[in-house]
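Reading the structure
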Number of protein chains: 2
Amino acid sequence: MSMSPALQLWMQPRLQQVEDALSRWIDAAAPADLGQAMRYAVLDGGKRLRPLLVMATAQALGGTKEQQADLRAACALELIHAYSLVHDDMPCMDNDVLRRGKPTVHVQFGQAQALLAGDALQSLAFEFLTPEAGDATIQARCCALLARASGYWGMAGGQAMDLAHVGQRMPLQDLQQMHRLKTGALLLCGVQMGAVCAGLHQGPRWQALERFGQTLGLAFQVVDDVLDVTADSATLGKTAGKDAQADKPTYVSALGLAQAQAWADELAQQAQQALTDTGLTEEPLTMLRELTRWVVQRTH
Amino acid sequence: MSMSPALQLWMQPRLQQVEDALSRWIDAAAPADLGQAMRYAVLDGGKRLRPLLVMATAQALGGTKEQQADLRAACALELIHAYSLVHDDMPCMDNDVLRRGKPTVHVQFGQAQALLAGDALQSLAFEFLTPEAGDATIQARCCALLARASGYWGMAGGQAMDLAHVGQRMPLQDLQQMHRLKTGALLLCGVQMGAVCAGLHQGPRWQALERFGQTLGLAFQVVDDVLDVTADSATLGKTAGKDAQADKPTYVSALGLAQAQAWADELAQQAQQALTDTGLTEEPLTMLRELTRWVVQRTH
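Residues numbered from 1 in each chain as written. Chains lettered and ligands numbered in written order. Predicted model: local features only at pLDDT ≥ 70, side-chain atom pairs only at ≥ 80, totals over all residues.

1. Brief notes about the overall build of chain A
Counting secondary structure elements, chain A contains 15 helices and two strands. What you see for chain A is a C-alpha radius of gyration of 18 Å, in line with the 19 Å of a compact globule of 300 residues. Viewed in the frame of its principal axes, chain A has a C-alpha envelope of about 50 × 45 × 35 Å. Taking all 300 residues of chain A together, the buried fraction comes to 55%. Considering only residue pairs separated by 6 or more positions, chain A has 74% of its internal contacts joining residues 24 or more positions apart. (Helix = DSSP H or I, 4+ residues; strand = E, 2+ residues; numbered from the N terminus. Rg over C-alpha atoms; globule rule 2.2 N^0.38 Å. Buried ≥ 20, exposed ≤ 12 C-beta atoms within 10 Å, placed from the backbone. Contact = placed C-beta atoms within 7 Å.)

Pasting the structure below:
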């Protein structure tokens, strides 16, 4: 993994915060081992890119207005991501048995429990966003953003497009729309919720951040498609070559490997430009810039 | 169906409002027919008891503070109910092919699409609750209530308990806890969200309404178990005798048919008493009282 010392230094305590919060906030005692299945799906794994994006964005804008609002949004977003993986891995979807180097949730707990664990993780995300005390405006805005990013005009819609196009050629424009929804929407949502937690929700700076989030999301997916071809399963922690095997349209199948890689670099540059367009000074932007580099240079 | 003329008169325009709103607010154009699958799951069916509870509660307390807040909460709650049915019917759960007299969603659209449609219906519920303009306090509170009622200490947790106990005897107390979560939580949530929309969220009146919602939820489930034994599939619009066949613990298997029926009547009386305990005058309570009678006397 290609990561600067500065990013590592910033990331380490925040990852710890996220892991601790997730572990503290997902109740192990929930009925009939449902909490256990949910913890299995979420804890000890994952790059936590989405939570880090929330926290780096809030920090770039001067920090969260309300204590822990950014941490709650960060963890909520990770729950949505985690639930999507649980459902995605099920036999009626991708039918995958390996995730982050471990048996997938349905292999470990059975399909019915995996279905319920995914469902309950989605609910729990909205619980995370709405603690009893707290700024109602931040809570309502974050719920609105997360709901839209997860739903039929977001992640779930992108997954439906994906399913509908297995084995089919897809025009590059449709492929882009699919990924904008399937993975882009949640990454953009991380940037948006980070901004909302810092008190920003409109204006030119908000728009520049949205462009940043959109471009980063696209870059992330292009890199994902490249890695599916170039990395091995051990490095990925999931089955490599899966998309090609399933005959799914990807940026690599659409553009070829070299051009896909070049495009990822170009998108990274556009994302950096969008950060410049926020008009923020360089110092607060540092970690968003570093995260962008990491997304493109990562090896898994 | 045993329903008073007064209830019918009150109900008819509100059912129409709910049907219209659901049809208007679930986007048929969502990607890859996902919107179509979601509309299939939600429209043209269902008693809409949960939405009616939201609206009757708000009305009992003087009406919604913000235009359409109660209608949005009502429809959001129905989406959660609908998604749970879609997932519940899937082969890895109850494996049911008939619902409200129609093929279930996975029979009609395939399992993967059914899984995604359920997921997206849950997201959409939180979208319904959080329109751009609107009272942030009502929005945040409703999201909090709905998330908790849907999640591992609510509906999903109750379903996990249900799954874990197929073929097992369950002490009456556990059975009650299971149903309090599985079906009771959403019905209670309807009462709570109705109250929040009317500006009430604490105090003795709130507590009396919570007792009402809890008792009504329990009564509803006892009647459901009774109907599973006494009604036929055509009347129910779903497979009758399913619980007995699946060897699931029910109030009928725990108490016997006659005692279960007697208990439902007793619970209905307790629910009526809780309404009296709100200290509201009789006139605004009329429709909550009527709905309670309907829940216990219904034939499907």
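2. A short note on the interface of chain B and chain A
Contact with chain B, which involves 44 residues of that partner, is made by 44 residues of chain A. Looking at the side of chain B that touches chain A, the elements that each hand over two or more residues are α2 (34-42), α6 (111-129), α7 (136-150) and α8 (155-164) of chain B. Ranked by residues supplied to the side of chain B that touches chain A, first place goes to α6 of chain B with twelve residues. A per-class count over the side of chain B that touches chain A returns 27 nonpolar, 13 polar and four charged. (Nonpolar A, V, L, I, M, F, W, Y, C, P; charged D, E, K, R; others polar.)

3. Topic: the packing of helix α10 (residues 204-230) of chain B against helix α15 (residues 282-297) of chain B
Residue and element names in this part refer to chain B. Running from N to C, α10 and α15 point in directions that differ by 25°, and their axes come no closer than 8 Å. When the interaxial angle is binned, α10 and α15 end up roughly parallel. Residues Leu216, Ala219, Phe220 and Val223 of α10 touch α15, and the partners they reach there are Thr292, Val295 and Val296. (Axes fitted to C-alpha atoms, helices over the stretch in contact; angles between N-to-C directions. Parallel < 35°, antiparallel > 145°, perpendicular 65-115°, else oblique.)

4. Description of the relation of the copies chain B and chain A
Of the two same-sequence chains, chain B is brought onto chain A (RMSD 0.0 Å, axial shift 0.0 Å) by a rotation of 180°. Overall, the copies show the geometry of a two-fold rotation axis. Looking at the rotation axis and the C-alpha trace of chain B, the residue lying nearest is Ala140 of chain B, at 2.4 Å. (Least-squares fit on C-alpha atoms with pLDDT ≥ 70 in both.)

5. Quick look at the packing of α8 of chain B against helix α9 (residues 172-197) of chain B
Residue and element names in this part refer to chain B. Look at α8 against α9: their axes get within 7 Å of each other, and the N-to-C directions meet at 145°. Crossing of α8 against α9: the hand is left-handed. Residues Met155, Gly157, Gly158, Gln159, Met161 and Asp162 of α8 touch α9, and the partners they reach there are Met178, His179, Leu181, Lys182, Ala185 and Leu186. When the residues that make up the contact of α8 with α9 are grouped by side-chain class, the tally is six nonpolar, four polar and two charged. (Left-handed = near helix turned anticlockwise from the far one by under 90°.)

6. Some words on the environment of Glu19 of chain B
Inspection of the secondary structure assignment puts Glu19 of chain B in helix α1 (residues 5-25). C-alpha separation for the pair Glu19 of chain B and Cys75 of chain B, spaced 56 residues apart in sequence, amounts to 8.7 Å.

7. Digging into unusual backbone geometry
Non-glycine residue Arg100 of chain A carries a positive phi angle of around 50°. When you line up the elements, Arg100 of chain A lands in the loop between β1 (98-99) and β2 (102-103).

8. Focus on helix α4 (residues 69-88) of chain B
Taking 1.5 Å per residue as the helical rise, α4 of chain B with its 20 residues ought to reach 28 Å, and the 29 Å between its terminal C-alpha atoms agrees with that figure. For α4 of chain B, a buried count of 20 out of 20 residues is recorded, marking the element as mostly surrounded by other parts of the structure. (Expected span 1.5 Å × (residues − 1).)

9. Section: α15 of chain B
An α-helix turns once per 3.6 residues; consequently, residues spaced three or four apart project the same way. Residue and element names in this part refer to chain B. Relative to the 22 Å expected for 16 residues at 1.5 Å per residue, α15 spans 21 Å between its end C-alpha atoms, a close match to the ideal helical length. The largest bend in α15 comes to about 25°, at Leu288. Along α15, the positions that sit buried rather than exposed are Met287, Leu288, Arg289, Leu291, Thr292, Val295 and Val296. Tucked inside the fold, the buried residues of α15 contact α1, α3 (49-60), α10 and α14 (257-277). (Bend = angle between axes of the 7 residues up to and from the residue.)

10. Some points on the environment of Gln67 of chain A
Residue and element names in this part refer to chain A. Looking at where Gln67 falls in the secondary structure, it is placed in the loop between α3 (49-60) and α4 (69-88). On the basis of neighbour counts, which here come to 10 C-beta atoms within 10 Å, the residue Gln67 falls in the exposed class. Sequence spacing of Gln67 and Gly134 is 67 residues, and the spatial spacing of their C-alpha atoms is 9.0 Å.

11. Describing the confidence of the model for chain A
Detailed reading of the predicted coordinates is not advisable wherever pLDDT falls low. The predicted model of chain A has a mean per-residue pLDDT of 94, with 96% of residues at 70 or higher. Predicted complex metrics record ipTM = 0.96 and pTM = 0.96. (pLDDT = per-residue confidence, 0-100.)

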